[in-house]
Amino acid sequence: MNIVMMGVQGSGKGTQSKSLSRELDIPHISVGDLFRENVGKGTNLGKRAKEFMDKGELVPDSIVINMIKDRLEHPDVKAGCILDGFPRNGIQLAALEYLRPVEHAVLLELDKETAIERLTNRIECPKCGIIYGMNMPPKNPGVCDKCGGPLTQRSDDLNVEAVEKRIALYHKEIEVLVRYYDWKGVLRHVNAGLPQKEVFERIKRFII
Ligand code: AMP
């Protein structure tokens, strides 16, 4: 089963995708995480992506699509995957429909004010990828519950202007996806303002 998770930054896409990945036993592919991994390792791809990421702009389609195409060729995604952060525009949507048509497109809906509040307050463990926020603070401030390592704020969440730009861009680009998946009959709306567990239950009700 192939699922696309859509939602504004801060809507809990990553967290919900991880839970769903465990539940369905299929990989979670996060475009943002793939880029951050490459930035962390200092690869050429990472270097090219970073200049766009830091400005809150989308990385060019050719780079993203090739990265996803490579990832979808791995044997672990044969039975399906959860795509988080891809597609983000009409070109990427067309590429994905060609490479791997999806059965469900989940839209996590959240208002702009809550999204900004969540983003500017979220911290994560760079090692485990666990995201903490106001709804789920770490037991000890600044320390990861799982590995005990230091928590950091994502560089692209530090600048409120860049955060607002990312949100505005999201709304502009997501419209075509919503219209297409709605037409295809695979669009599932979920209120992302609800508690995390309730959001997950609602997603599962649609999918399983
Ligand atoms: P995210 O983790 O989804 O907030 O993504 C972080 C950054 O990665 C974004 O601000 C973009 O620069 C880049 N990015 C993530 N997904 C995409 C995509 N589908 N297309 C282009 N750039 C992306």
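Definitions and cut-offs
- Residues numbered from 1 in each chain as written.
- Predicted model: local features only at pLDDT ≥ 70, side-chain atom pairs only at ≥ 80, totals over all residues.
- Heavy atoms only, no water.
- Helix = DSSP H or I, 4+ residues; strand = E, 2+ residues; numbered from the N terminus.
- Expected span 1.5 Å × (residues − 1).
- Buried < 20%, exposed > 50% of the residue type's maximum accessible area, 1.4 Å probe, protein only.
- Contact = heavy atoms within 4.5 Å.
- Near = heavy atom within 4 Å.
- Polar contact = N/O pair within 3.5 Å; in protein donor to acceptor, adjacent residues only side chain to side chain.
- Areas by Shrake-Rupley, 256 points an atom, 1.4 Å probe, with all protein chains shown as cover.
- Nonpolar A, V, L, I, M, F, W, Y, C, P; charged D, E, K, R; others polar.
- Core = buried A, V, L, I, M, F, W, Y, C linked by side-chain atoms within 4.5 Å.
- Pairing = 2+ DSSP bridges.
- Salt bridge = Lys/Arg side-chain N within 4 Å of Asp/Glu carboxyl O.
- Disulfide = S-S within 2.5 Å.
- Axes fitted to C-alpha atoms, helices over the stretch in contact; angles between N-to-C directions.
- Left-handed = near helix turned anticlockwise from the far one by under 90°.
- Phe/Tyr/Trp six-rings, centres within 6.5 Å; stacked < 30°, edge-to-face > 60°.

What exactly am I supposed to notice about helix H1 (residues 13-24) here?
Helix length check: H1, at twelve residues, gives a terminal C-alpha distance of 16 Å against a target of 16 Å (1.5 Å per residue), a fit within 8%. Among the residues of H1, those classed as buried are Lys13, Gly14, Gln16, Ser17, Ser19, Leu20 and Ser21. The inward-facing, buried residues of H1 abut strand S1 (2-7), strand S2 (28-30), strand S3 (81-84), strand S4 (104-109) and helix H8 (196-207). Of the residues trailing H1, Asp25 is marked for its positive phi of about 60°.

Sorry if this is basic, but what is going on with the site of the ligand here?
Around the ligand, 17 residues are found, and the nearest of them are Glu57, Val59, Gly85, Arg88 and Gln92. Interatomic distance of 2.6 Å between a backbone N/O atom of Glu57 and an oxygen atom of the ligand. Notes on the ligand: free accessible area 480 Å², of which the protein chains cover 96%. No other element matches the four residues that helix H2 (residues 31-41) contributes to the shell around the ligand. Grouping the amino acids of the shell around the ligand by side-chain chemistry returns seven nonpolar, four polar and six charged.

Where do I start with the nonpolar core in this structure?
Note on soluble globular proteins: their nonpolar side chains tend to be buried together. Counting residues in each nonpolar core, the largest one holds 54 residues, and the members touching the most others are Met6, Phe35, Tyr181 and Ile203. Looking at which element gives the most residues to this core, the answer is helix H7 (residues 160-184), with seven residues.

What should I look at first to understand the pairing of S3 in this one?
Every other side chain in a regular strand lies on the same face of the sheet, so the side chains alternate between the two faces. Residue alternation in S3 divides its side chains into two sets, Cys81 and Leu83 and Ile82 and Asp84, and both sets are buried. Across four bridges, S1 lies against S3 in parallel orientation. Paired with Val4 across the bridge in S3 is Leu83. Where S2 and S3 come together, three bridges link them in parallel fashion. Residue pairing in the sheet places His28 in a bridge with Ile82 of S3.

Hey, could you run me through the pattern of salt bridges in this one?
It is possible for side chains bearing opposite charge to pair when their charged atoms get close. For the structure shown, the criterion picks out 14 salt bridges. Across the pair Glu37 and Lys41 runs a salt bridge whose closest N-O atoms are separated by 3.9 Å. Residue Glu37 and its partner Lys41 are both found in helix H2; the two are separated by four residues, about one turn of the helix. Since its relative accessible area comes to 45%, Glu37 is described here as partly exposed. Each member of the salt-bridge network shares a partner with another, and the members are Glu23, Glu201 and Lys204.

I tried to follow the state of the cysteines on my own but got confused; where do I start?
One covalent bond between the sulfur atoms of two cysteine residues makes up a disulfide. This model, assessed by the stated rule, comprises zero disulfides. The thiol of Cys125 is not disulfide-bonded; the next cysteine sulfur, from Cys147, is found 3.7 Å away. Note on Cys125: relative accessible area 1%, which makes it buried. Of the cysteine sulfurs around Cys128, a residue in no disulfide, the closest is that of Cys147, at 3.6 Å.

Sorry, what's going on with unusual backbone geometry here?
Most peptide bonds adopt trans geometry, and most residues besides glycine take a negative phi value. The omega torsion of the bond from Phe86 to Pro87 falls at 0°, within 30 degrees of zero and hence cis. Position of Pro87 among the secondary structure elements: in the loop between S3 and helix H5 (90-99). In this structure, Asp25 is a non-glycine residue whose phi angle is positive, near 60°. When its relative accessible area of 69% is taken as the criterion, Asp25 is described as exposed.

What is the right way to look at the packing of H2 against helix H3 (residues 44-55) in this model?
When two helices pack together, their arrangement is given by the angle between the helix axes and by the axis-to-axis distance. Taken N-terminus to C-terminus, the directions of H2 and H3 make an angle of 115°; their axes are 8 Å apart at the nearest point. Considering only the axes of H2 and H3, their crossing is left-handed. Two secondary-structure elements touch here, H2 through Gly32, Phe35, Arg36, Asn38 and Val39 and H3 through Leu45, Gly46, Ala49, Lys50 and Met53.

When you look at the packing of aromatic side chains in this model, what are you seeing that I'm missing?
We describe a pair of aromatic rings using the distance from one ring centre to the other and the angle between the two ring planes. Evaluation of the coordinates by the stated rule reveals two aromatic pairs. On the basis of an interplanar angle of 65° and a centroid distance of 5.6 Å, the ring pair of Tyr180 and Tyr181 is categorised as edge-to-face. Residue classification places Tyr180 among the partly exposed residues on the basis of a relative accessible area of 24%. Tyr181 gets classed as buried once you look at its relative accessible area, which sits at 0%. Aromatic pair Tyr180 and Trp183: ring centres 5.7 Å apart, planes at 40°, arrangement tilted. Of this pair, Tyr180 and Trp183 both sit in helix H7, three residues apart, roughly one helical turn.

The analysis is restricted to geometry; functional conclusions fall outside its scope.
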